[in-house]
Number of protein chains: 2
Amino acid sequence: MKRAMAILAVLYCGFLAVTVSGQTSGDGPRYVNGNNLVRPTNYREWIFLGSSIGMTYTPPRAQNAAPNFANVFVNPSSYRAFMQTGQWPDQTIFVLEPRRSSTESSLVKDGRFQSDMTGLEAEVKDARFADGWAWFNFGLAASLRESVAAIDQHAPQGTGQESCLSCHTAHGAVEKSFVQFYPTLLEVAKQKGTVKASY
Amino acid sequence: MKRAMAILAVLYCGFLAVTVSGQTSGDGPRYVNGNNLVRPTNYREWIFLGSSIGMTYTPPRAQNAAPNFANVFVNPSSYRAFMQTGQWPDQTIFVLEPRRSSTESSLVKDGRFQSDMTGLEAEVKDARFADGWAWFNFGLAASLRESVAAIDQHAPQGTGQESCLSCHTAHGAVEKSFVQFYPTLLEVAKQKGTVKASY
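Because the structure is predicted, anything quoted here is derived from the model rather than measured.

Student: In this structure, what is going on with the overall build of chain A? I would like to understand it.
Tutor: Within chain A, the secondary structure is distributed over four helices and nine strands. Mapped in sequence order, the helices and strands of chain A form the string α-β-β-β-β-α-β-β-β-β-β-α-α. Per-residue burial over chain A gives 46% buried out of 199 residues. When contacts within chain A are restricted to residue pairs at least 6 apart in sequence, those whose partners lie at least 24 apart make up 54%.

Student: Please clarify how the relation of the copies chain A and chain B should be interpreted in this entry.
Tutor: Both copies of the chain are placed relative to one another by a rotation about an axis and a shift along it. Expressed as a screw operation, the relation of chain A to chain B combines 0.0 Å of axial shift with a rotation of 180°, fitting to an RMSD of 0.0 Å. Accordingly, the operation relating the two chain copies is best matched by a two-fold axis. Most of the interface of chain A is mirrored in chain B, where 100% of its interface residues are also at the interface.

Student: Would you take a moment to explain the state of the cysteines for this structure?
Tutor: Covalent bonding between the sulfur atoms of two cysteines defines a disulfide. Residues and elements named next belong to chain A. Scanning the model with the defined rule gives zero disulfides over all chains in all. Looking at Cys167, it has no disulfide partner, and the nearest cysteine sulfur is the one in Cys164, 8.2 Å off. In this structure Cys167 comes out as buried when scored by relative accessible area, which is 8%.

Student: How do you make sense of the pairing of strand 4 (residues 69-74) of chain A when you look at a structure like this?
Tutor: Taken residue by residue, a regular strand's side chains alternate between the two faces of the sheet. Residues and elements named next belong to chain A. Most of strand 4 sits out of view: six of its six residues are buried. Here strand 4 shows no split at all, with Phe69, Asn71 and Phe73 on one side and Ala70, Val72 and Val74 on the other all buried. In this structure, strand 3 (residues 47-56) lies alongside strand 4, joined through six bridges in antiparallel fashion. Bridging across to strand 4, Ser52 finds its partner in Ala70.

Student: Is there a simple way to explain helix 3 (residues 164-171) of chain A in this structure?
Tutor: Residue pairs spaced three or four apart in an α-helix point in one direction, given the helix's 3.6 residues per turn. Within helix 3 of chain A, burial applies to Leu165(A), Cys167(A) and His168(A). Packed against the buried residues of helix 3 of chain A are strand 7 (119-125) and strand 8 (133-140) of chain A.

Student: Any chance you could explain the packing of helix 2 (residues 76-85) of chain A against helix 4 (residues 183-192) of chain A here in plain terms?
Tutor: All names here are of chain A. The geometry of helix 2 relative to helix 4 is characterised by a closest axis approach of 8 Å and an angle of 40° between their N-to-C directions. Taken together, the axes of helix 2 and helix 4 lie oblique to each other. Contacts between helix 2 and helix 4 involve Tyr79, Phe82, Met83, Gln84 and Thr85 from the first element and Leu185, Val188, Ala189 and Lys192 from the second. Of the residues contributing to the contact of helix 2 with helix 4, the split by class is six nonpolar, two polar and one charged.

Student: In this structure, what is going on with the sheet that holds strand 2 (residues 36-38) of chain A? I would like to understand it.
Tutor: Whenever strands of a sheet pair, they do so through backbone hydrogen bonds, lying parallel or antiparallel. Spatial strand order, 1-2-9 (chain A): three strands in an open sheet with antiparallel pairing. Lying at the two open borders of the sheet, with one neighbouring strand each, are strand 1 (31-32) and strand 9 (147-148) of chain A.

Student: Even after reading the chapter, I still don't get the environment of Glu175(A), so can you show me in this structure?
Tutor: Residues and elements named next belong to chain A. Examined against the element boundaries, Glu175 turns out to sit in the loop between helix 3 and helix 4. Measuring from C-alpha to C-alpha, the distance between Glu175 and Ser77 comes to 18 Å, with 98 residues separating the pair along the chain. Leaving out residues up to four positions away in the same chain, Glu175 has contacts with Gln87, Trp88, Lys125, Trp133, His168 and Lys196. A polar side-chain atom of Glu175 sits 2.8 Å from the main-chain amide nitrogen of Trp88.

Student: Any chance you could explain the sheet that holds strand 1 (residues 31-32) of chain B here in plain terms?
Tutor: Residue and element names in this part refer to chain B. Spatial strand order, 1-2-9: three strands in an open sheet with antiparallel pairing. A single partner strand is all that each edge strand has here, and the edge strands are strand 1 and strand 9 (147-148). When strand 2 (residues 36-38) meets strand 9, the two strands line up antiparallel, connected through two bridges. Within strand 9, the residue paired with Leu37 across the bridge is Val148.

Student: What is the right way to read the pattern of salt bridges from this model?
Tutor: Side chains bearing opposite charge may pair, as long as their charged atoms lie close to each other. Residues and elements named next belong to chain B. Following the criterion strictly, the structure yields 10 salt bridges over all chains and no others. Arg44 serves as the salt-bridge partner of Glu97, at 2.9 Å between the closest nitrogen and oxygen. With a gap of 53 residues between them, Glu97 in strand 5 (residues 92-102) and Arg44 in the loop between strand 2 and strand 3 (47-56) connect regions that are remote in the sequence. Arg44 carries the same exposure label as Glu97, and that label is buried. Where Lys125 meets Glu175, a salt bridge forms, and the shortest distance between an N and an O atom there is 2.7 Å. You can see Lys125 sitting in strand 7 (residues 119-125) and its partner Glu175 sitting in the loop between helix 3 (164-171) and helix 4 (183-192), a full 50 residues away along the chain.

Analysis parameters
Residues numbered from 1 in each chain as written. Chains lettered and ligands numbered in written order. Predicted model: local features only at pLDDT ≥ 70, side-chain atom pairs only at ≥ 80, totals over all residues. Heavy atoms only, no water. Helix = DSSP H or I, 4+ residues; strand = E, 2+ residues; numbered from the N terminus. Buried < 20%, exposed > 50% of the residue type's maximum accessible area, 1.4 Å probe, protein only. Contact = heavy atoms within 4.5 Å. Least-squares fit on C-alpha atoms with pLDDT ≥ 70 in both. Disulfide = S-S within 2.5 Å. Pairing = 2+ DSSP bridges. Axes fitted to C-alpha atoms, helices over the stretch in contact; angles between N-to-C directions. Parallel < 35°, antiparallel > 145°, perpendicular 65-115°, else oblique. Nonpolar A, V, L, I, M, F, W, Y, C, P; charged D, E, K, R; others polar. Polar contact = N/O pair within 3.5 Å; in protein donor to acceptor, adjacent residues only side chain to side chain. Salt bridge = Lys/Arg side-chain N within 4 Å of Asp/Glu carboxyl O.

None of this, on its own, says anything about what the molecule does.
Structure, rendered in C-alpha cells:
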C-alpha cells in the first residue's frame, strides 16, 4: 500500500510538473501551425547562461556610446543534460534577450546596467528541422509575435549576409552553439571533451 | 480515498523538494556556527535578475579598459513571492557574481562578453539579523570561503566608507535592494506600488 501510494505520489508530481509548465513535452520548444515556434513567456525563470554588451558581427563605424546588452537563457532540462554530458539534447531552446543599457549617477559613478528589452530571438536544436537546428526572430519588443517561422537559412547567394546556420556551424564552440560566451558551460565542455576541434 | 491520496501526494512532493534542495528551510540562506552564511553552490540555477558592467560606487580615475560584469541571482521561492507582492519575503538571498569581460575578433567585431569569475558576494533579508538585512563577501574566486560572517555595518566613523546598510537603505528602490537595476522586477514593483517614495 505504502509503495502504491509512493508510486501514485510520483505520478502526481509528474502530472503537477506538466500542468504547471503547460507543456506536455517538458520545457522544450513548442510549435503551432507546423514548425512555427511559440514565443516562450517564462524564459526569465530558465537558466541564465551569460550576458554580453555591444556584441556585433559587423565592424562598428564609430564607438557605440549606448551599446545593448544581450542575455541568453536555456530551458532547464537541457541545461541539466549539458552539465552531465557537455552536449545539447534534442529539443533544446535558447532565448536571446537584447536590452538597452543605462547609466545613473546618484548611486554609481561609472558603468552601465540593463534596462528596456528591445527584441527577442531564439535558437533551437530540434530534429524536426532539416539542419537539426533553427533560428527565430520574434521581432521588436513593442510588437513581439506570438509565434514565428524559422529564419530562412538558404537565402540567395550574394546578399553579403552569412546565414545563422553557416556562422554557428563555423564558429560555435560546441555543436552549433556559442558556448565560448557561456563561461560556466565552457568549463564543462572542456572537461567532457565536447569542444569542437575546429574551435 | 482519492482525496487522501492527493493530500499524500502533495506532502510527498513537498518532501521531495526539501530532499532535493538539501535545505530543510527551502531554497533560502543556510548558516553554520551561528550566523555565518554558507556559500550557495547552486545559485547559477536560481533566477537571474540582471547584469551590469563597470559599475562602481567611486568615480573612476580613468576610463576602465577592461570593466567587470556583475550578475545578480535570487533564490527562486523569493522571486516567486516578489512577482506576486512586489516585496521580498524573509529568508531571501541574493548572490552577486562579478566576472571579467573579454573580447574576441574572429566572430564578433566589437563588444565584450563574460569570462572568469573574480569573487562572490551575497545579501540576505533575514530577521535573525538586527537590521533585518546583512551582506557577505566570500572573497576572491581562487579562494572562496565555504562560509563567512556578515560584513560589520557599524564600522568606526571617519573611514570614508559608507556601509552596505546605509547605502542600500538610502538608495534601494524597493526595501534595501537595488531593484532599479533589475528591469523585470522594477516593472512589478511599480505595478504593486512598492517602489520607495524616497527613490
